[in-house]
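# Understanding the architecture of this molecule
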Amino acid sequence: MTLFFQQVLNGLISGAVYALFALGFTLIFGVQKVLNLAHAGVFMAGAFIGYYLVSIGLPFWLAAIFAMLGAGLVSVLVDLLALRQLRTRRNAEFAAIVATIGVDFVLISIAQILSKTQVYRFPFDTFPAVFFTFGGLRISLLQIVIVVTVVTLVLAMMYYLKWTTYGRQVRAVASNDRAAKLLGINPNLIYTQTFFIAGALAGMAGVLIGLSFNSIHFMMGQPYMLYAFVIVVLGGLGSVPGALAAGLIIGVIRTLGIAYFPAGMADIVIFLLLFVILLVKPSGLAGSAAVNAGGRR
Amino acid sequence: MMELISRYGATFDLFLIAAGFAYSQQIVLRAGVFSIATAGFASLGAYAVAILLTRYQVSPWAGLAVATMVGTIAGLLLSIPLARLRGVYQAIATLAFVEIIVSLMYFADGITNGAAGIHSIPKVVGTPHLIVALCVVLYLFHAIGRTGMGRAFDVIRQDETVGLTLGVSVTRYQALAFVLSGALGAAYGGLLSLNTYSVDPGQFGFEFVVAALAAVVLGGPRNMWGPVIGAAVLSVLPELARPLAEYRPMLHGVLLVVIITFLPHGIADSIAAARQNHRVRRDLEKLAPPVPASVSAGGAK
């Protein structure tokens with residue numbers, strides 16, 4: 001039984017990172033109604049930046065912060081290069097999917113060329129391997145740091161969206177960008193902001209994942225993109241609290257799936273789950289299909 | 001010509017196959033379905049042929065027929081959940097489908113030989129077969145364009161509500177497009193494995209999705225020549241500029257962004273639209289010759 005609870009705990013922690021990744025994705029969808037498939041590339045870019053900075057000797061925490069900023073900038077670039085032109089067009093839904101797939105692929109190719117298709121690992125002593133035991137459950141220092149980081153970032157983002165003027169502007173643009181424009185808000189600025197925040201979250205997720213699995217490679221984003229699909233669909237596309245809850249749920253399901261099913265089965269189960277949700281309740285946990293950036297509180 | 005074909009034989013074959021996959025991708029887009037499931041269908045078809053031939057010594061043509069059947073059935077089954085979804089949700093669902101198929105091919109070790117893939121499939125299909133296959137597909141698309149089916153697809157893509165008021169069953173026609181896409185994708189998957197000796201699961205992942213999409217977006221999502229043109233450009237470009245070959249995936253990515261941004265209807269559709277415009281203008285002029293300036297300034301006749 002302890003083993004089971006241990007698995008649930010591990011699942012919750014990895015679920016927190018999935019949620020961090022999916023939050024940015026769902027935020028962009030909520031504000032811009034665009035499926036940003038390049039989010040996986042941004043995540044991977046974050047992990048790469050983190051790795052390069054650690055390997056030139058920066059302390060890990062500093063590298064992680066720079067990776068966040070760097071991934072945020074990459075994400076803004078995605079917006080500028082692929083999506084800004086499309087925004088003036090009607091029915092740009094599909095065009096945006098195509099454009100972001102294209103950018104994602106460019107990012108992947110760049111990483112592949114830079115890394116020469118190798119798998120990078122953080123140096124052995126990047127993070128101290130310390131373990132604590134609580135009532136039979138083992139938890140590593142890294143896991144604690146992950147939880148604290150994720151909780152801090154999510155709270156900061158919630159605060160930003162709900163209480164600051166900028167957050168109110170973001171929500172105004174999300175619900176109606178033309179009305180927001182009439183009120184003197186520059187939607188392009190808001191889009192840049194959301195892309196930066198989403199990218200920064202993805203970048204941190206990339207560093208954390210890269211460190212906890214100790215493997216950084218050019219294709220690392222793809223599976224997380226697909227988990228993010230399941231998470232945002234389960235949580236309701238565009239809903240921030242929904243993505244958070246769904247991220248934890250998917251994390252637990254996946255960890256239990258890996259523990260109790262034959263290898264490779266867990267992913268199949270999760271993707272089948274996606275189909276079931278799409279069939280039964282496409283609007284997800286959060287309820288209505290009309291969702292907005294701040295989520296429904 | 002023959003010399004060229006023998007020199008660039010492999011590239012030419014791959015172009016012919018890529019064009020087939022592009023058609024499988026195009027038909028769903030044409031009916032307004034945001035599907036990127038072609039990679040999944042191709043994987044099913046390629047594996048069906050590979051397994052039947054290497055394990056059960058079935059004749060290649062029977063294998064191809066079975067592959068096409070498998071694709072048809074997969075398309076039919078997948079169209080049921082897809083009919084309830086729209087827009088981005090369709091894209092998500094089909095991308096998940098592709099990923100499920102890739103994971104299945106890795107997972108079902110006993111049948112598919114897992115990550116190692118299946119090798120030493122007899123090479124039965126050569127350039128002539130592929131040319132014939134492409135001609136058949138072209139005829140099929142020509143026929144679709146000439147009949148009510150093509151018009152139904154077009155009206156659904158442009159405006160579902162208008163389609164419904166005209167009595168076009170959106171569900172039925174989108175399912176039809178999906179079944180065609182499945183059959184075509186799987187058949188070409190089969191041809192691919194008969195042409196290249198081997199299949200492995202990684203072949204039909206994200207890169208495949210991008211390549212098929214790139215060909216259609218570049219060529220044009222509506223015109224029947226679009227996929228051929230798109231696939232041809234994508235195959236020829238790296239050959240023309242050798243240094244580009246190394247960056248081929250990146251080239252696909254960049255092209256996707258540039259084309260969708262600056263030439264949203266692709267090459268073939270843009271040419272067709274320009275010709276249409278020209279024709280309309282000419283006909284208008286025939287009907288009502290331009291009025292001399294002096295007369296029009298004079299006001300009422």
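Sequence order as written defines residue numbering, which begins from 1 separately in each chain. By the order in which they are written, chains take letters starting at A while ligands take numbers starting at 1. Only residues with pLDDT of at least 70 are given local features in this predicted model, and only at 80 or more are side-chain atom pairs given and counted; all residues enter the totals for whole chains, interfaces and linings. Calculation of side-chain values draws on the structure's entire complement of heavy atoms; hydrogens and water are dropped beforehand.

Secondary structure elements are taken from DSSP: a helix is a run of H or I of four residues or more, a strand is a run of E of two residues or more, and numbering for both begins at the N terminus. Along the backbone of chain A there are 11 helices and 2 strands. In chain A, the order of α-helices and β-strands from amino to carboxyl end is α-α-α-α-β-β-α-α-α-α-α-α-α. The quantity called the radius of gyration is restricted to C-alpha atoms. Its globule counterpart is 2.2 Å times the number of residues to the power 0.38. In terms of overall size, chain A behaves like a compact globule, its C-alpha atoms giving a radius of gyration of 19 Å where 297 residues would be expected to give roughly 19 Å. In terms of overall dimensions, chain A has a C-alpha envelope of 60 × 45 × 35 Å along the principal axes. Each of the 297 residues in chain A was classed as buried or not, and the buried ones make up 57%. Contacts spanning at least 24 positions in sequence make up 75% of the contacts within chain A whose residues lie at least 6 apart. Accessible surface, chain A: about 12,500 Å² in total, of which carbon and sulfur atoms supply 70%. Asp and Glu are treated as the negative residues and Lys and Arg as the positive ones, with His and the ends of the chain left uncounted. Charge positions are represented by NZ for Lys, CZ for Arg, CG for Asp and CD for Glu. Each charge sign in chain A was given a centre, from 17 positive and 6 negative side chains, and these centres are 9 Å apart. The cut-offs for exposure are 20% and 50% of the maximum accessible area for each residue type, with area from a 1.4 Å probe on protein chains only; residues under the lower value are buried, those over the upper are exposed, and the others partly exposed. In this analysis, two residues are considered to be in contact whenever any of their non-hydrogen atoms come within 4.5 Å of each other. All accessibility values rest on the Shrake-Rupley procedure with a 1.4 Å probe; residue burial counts only the protein chains present in the view.

Any region with low pLDDT has predicted coordinates that should not be read closely. Residues of chain B with pLDDT of at least 70 account for 92%, and the chain-wide mean is 84. Predicted complex, confidence summary: ipTM 0.78, pTM 0.83. Per residue, pLDDT measures the predictor's confidence, with a range of 0 to 100.

Attention now moves to the packing of aromatic side chains. Residues and elements named next belong to chain A. Pairing of aromatic side chains requires ring centres within 6.5 Å, counting the rings of Phe and Tyr and the six-membered ring of Trp. Pairs whose planes differ by under 30 degrees are stacked, by over 60 edge-to-face, and all others tilted. For the structure on display, the rule yields 23 aromatic pairs over all chains. A ring pair is formed by Phe60 and Phe122, whose centres lie 6.0 Å apart and whose planes are at 85°; its orientation type is edge-to-face. On the criterion of sequence distance, the pair formed by Phe60 in helix H3 (residues 60-83) and Phe122 in the loop between helix H4 (93-115) and strand S1 (131-134) is long-range, its members being 62 residues apart. When sorted by exposure, Phe60 lands in the same class as Phe122, which is buried. Any Lys NZ or Arg CZ found within 6 Å of a ring centre and within 35 degrees of that ring's normal is scored as a charge over the ring. The side chain of Arg138 reaches across the aromatic face of Phe131, ending 4.1 Å from its centre.

Between chain B and chain A, the contact holds 36 residues from the first and 41 residues from the second. Surface buried jointly by chain B and chain A totals about 3,600 Å² across both partners, of which 85% is contributed by carbon and sulfur atoms. In the sections that follow, a salt bridge refers to a side-chain nitrogen of Lys or Arg positioned within 4 Å of a carboxyl oxygen of Asp or Glu. Connecting chain B to chain A are 0 salt bridges. What qualifies as a polar contact is a pair of N or O atoms within 3.5 Å, subject to a donor-acceptor requirement within protein and to the restriction that residues adjacent in sequence count only when both atoms come from side chains. Linking chain B with chain A are 1 residue pair in polar contact (both at pLDDT 80 or more), by the criterion used here. The leading source of residues in the side of chain B that touches chain A is helix H5 (residues 87-107) of chain B, at 14 residues. In the scheme used here, Gly and all other residues not listed as nonpolar or charged are polar, with Ala, Val, Leu, Ile, Met, Phe, Trp, Tyr, Cys and Pro taken as nonpolar and Asp, Glu, Lys and Arg as charged. Considering only residue class, the side of chain B that touches chain A consists of 29 nonpolar, 4 polar and 3 charged. Buried area: the accessible surface (1.4 Å probe) lost by two parts on joining, summed over both.

What follows concerns the side chain of Ser14 of chain A. Residues and elements named next belong to chain A. Inspection of the secondary structure puts Ser14 in helix H1 (residues 2-32). There is a polar contact of 3.2 Å between the side chain of Ser14 and the backbone oxygen of Gly11. When neighbours within four sequence positions are excluded, Ser14 is seen to be in contact with Gly251 and Thr255.

Right, let's get into the nonpolar core. The set of buried Ala, Val, Leu, Ile, Met, Phe, Trp, Tyr and Cys residues whose side-chain atoms join them within 4.5 Å is what this entry labels a nonpolar core. Of all hydrophobic cores here, the largest spans 191 residues; its most connected members are Leu20 of chain A together with Tyr188 of chain B. Ranked by the residues each element gives to this core, the list is headed by helix H8 (residues 187-213) of chain A, at 14 residues. Leaving out residues up to four positions away in the same chain, Leu20 of chain A has contacts with Val150, Leu153, Val154, Leu201, Met204, Ala205 and Leu208 of chain A. Listed in part, the 5 residues of the second largest apolar core include Ala152, Val155, Ile156 and Val168 of chain B.

What follows covers the environment of Asp269 of chain B. Residue and element names in this part refer to chain B. Mapped onto the fold, Asp269 is located in helix H15 (residues 266-287). Residue classification places Asp269 among the buried positions, given a relative accessible area of 8%. With residues up to four places along the chain from it excluded, the contact list for Asp269 reads Gly219, Gly220, Pro221, Arg222 and Asn223. A polar contact is formed between the side chain of Asp269 and the backbone nitrogen of Arg222, at a distance of 2.9 Å.

Bringing helix H2 (residues 39-55) of chain A into the picture now. Residues and elements named next belong to chain A. By this rule, a helix spans an expected 1.5 Å times one less than how many residues it contains. A rise of 1.5 Å per residue sets the reference length of H2, with its 17 residues, at 24 Å; its end C-alpha atoms lie 24 Å apart and thus fit the reference within 8%. For H2, a buried count of 14 out of 17 residues is recorded, marking the element as mostly surrounded by other parts of the structure. With its phi angle positive at about 105°, Gly57 sits one or two positions after the end of H2.

Attention shifts here to the packing of H1 of chain A against helix H5 (residues 141-163) of chain A. All names here are of chain A. Axis definition: a line fitted to C-alpha atoms, over the contacting stretch in the case of helices. Angles run 0 to 180 degrees between N-to-C directions. Running from amino to carboxyl end, H1 crosses H5 at an angle of 30°, the nearest separation of the two axes being 10 Å. Our classification of the angle between H1 and H5 gives roughly parallel. Crossing handedness for the pair H1 and H5: left-handed. Where H1 approaches H5, its residues Asn10, Ile13, Ala16, Val17, Leu20, Leu23 and Leu27 are matched on the opposing element by Gln143, Ile146, Val147, Val150, Leu153, Val154, Met157 and Leu161. Classifying every residue of the contact of H1 with H5 by side-chain character gives 13 nonpolar, 2 polar and no charged. We call two directions roughly parallel when the angle between them is under 35 degrees, roughly antiparallel when it is over 145, roughly perpendicular when it lies between 65 and 115, and oblique otherwise. Note on convention: the crossing is left-handed when the near helix lies turned anticlockwise from the far helix by less than a right angle, right-handed when the turn is clockwise.

All names here are of chain A. A contiguous nonpolar patch, built from Trp61, Ile65, Phe66 and Leu69 and spanning about 420 Å² of accessible area, is present on the exposed surface. Here Leu69 lies in helix H3. With a relative accessible area of 40%, Leu69 lands in the partly exposed category. Grouping into patches uses exposed residues only, defined as over 30% relative accessible area, and leaves out salt-bridged ones; the cut-off is 9 Å for like charges and 5 Å for nonpolar side chains (Val, Leu, Ile, Met, Phe, Trp, Tyr).

It is worth spelling out the packing of helix H11 (residues 206-219) of chain B against H15 of chain B at this point. All names here are of chain B. At a closest axis distance of 3 Å, the pairing of H11 and H15 adopts a crossing angle of 15°. By the angle between their axes, H11 is roughly parallel relative to H15. Residues Val217, Leu218 and Gly219 of H11 form the contact with H15, whose participating residues are Gly266, Ile267, Ala268 and Asp269. Residues of the contact of H11 with H15, tallied by class, amount to 4 nonpolar, 2 polar and 1 charged.

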